[in-house]
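A look at the structure
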Amino acid sequence: MTDAALKSISLKLNNGKYEVSVGGAPDKGTYTLDSTSKPKSMTITGTEGPNQGKTFPAIYELKGDTLRICYDLSGAKRPSEFKSIAGTRLYLVTYNRKKE
């Protein structure tokens with residue numbers, strides 16, 4: 001992705017629902033967390049937008065105001081580590097909490 005596209009990404013999480021905006025284009029859905037797994041896991045299901053009807057297994061790590069998520073965009077298998085590997089559909093992203 002270009003730097004401009006990366007800077008335009010925002011994520012809102014609230015009570016099992018998410019909203020992602022990339023350059024103003026919304027993607028909405030639900031998520032469930034499993035904080036007992038190692039690494040912690042989440043399952044994302046798109047309900048509106050480009051990922052409607054898709055499910056993505058992921059892992060996450062929350063440290064202070066920083067959230068790292070590694071998604072398998074193919075939907076095939078939950079990642080086992082925080083890596084984006086060439087030739088795969090693994091997507092690693094780091095979000096920083098916006099101060100209100």
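Everything that follows concerns the structure shown earlier in this document.
Parameters and conventions
- Residues numbered from 1 in each chain as written.
- Predicted model: local features only at pLDDT ≥ 70, side-chain atom pairs only at ≥ 80, totals over all residues.
- Heavy atoms only, no water.
- Core = buried A, V, L, I, M, F, W, Y, C linked by side-chain atoms within 4.5 Å.
- Buried < 20%, exposed > 50% of the residue type's maximum accessible area, 1.4 Å probe, protein only.
- Contact = heavy atoms within 4.5 Å.
- Phe/Tyr/Trp six-rings, centres within 6.5 Å; stacked < 30°, edge-to-face > 60°.
- Helix = DSSP H or I, 4+ residues; strand = E, 2+ residues; numbered from the N terminus.
- Lys NZ or Arg CZ within 6 Å of the ring centre and 35° of its normal.
- Pairing = 2+ DSSP bridges.

A short note on the nonpolar core
Judged by nonpolar contacts, the single largest core of 14 residues is most densely connected at M42, I44, A58, I69, Y71 and Y95. Excluding anything up to four places from it in sequence, I44 contacts Y18, T30, Y31, K54, T55, F56, A58 and Y71.

Topic: the packing of aromatic side chains
What the rule picks out here adds up to one aromatic pair. When the ring of Y71 is compared with that of Y91, the centres are 6.0 Å apart and the planes differ by 25°; the resulting orientation is stacked. Placement of Y71 in strand β6 (residues 66–72) and of Y91 in strand β7 (residues 90–96) is noted, with a sequence separation of 20 residues between them. Looking at Y91, the relative accessible area reads 25%, which means it is partly exposed. The positively charged end of R68 is found above the aromatic ring belonging to F82, 4.3 Å away from the centroid.

Quick notes on the pairing of strand β4 (residues 41–48)
A regular strand places its side chains on the two faces of the sheet in alternate fashion. Pairing analysis gives seven bridges linking strand β3 (residues 25–34) to β4, with the strands arranged antiparallel. Bridging across to β4, L33 finds its partner in M42. Alignment of β4 against strand β5 (residues 55–63), held across five bridges, turns out to be antiparallel. Within the sheet, the bridge partner assigned to T45 lies in β5 and is T55. In this antiparallel pair of consecutive strands, β4 and β5, the connection spans six residues, and G49 shows a positive phi of 95°.

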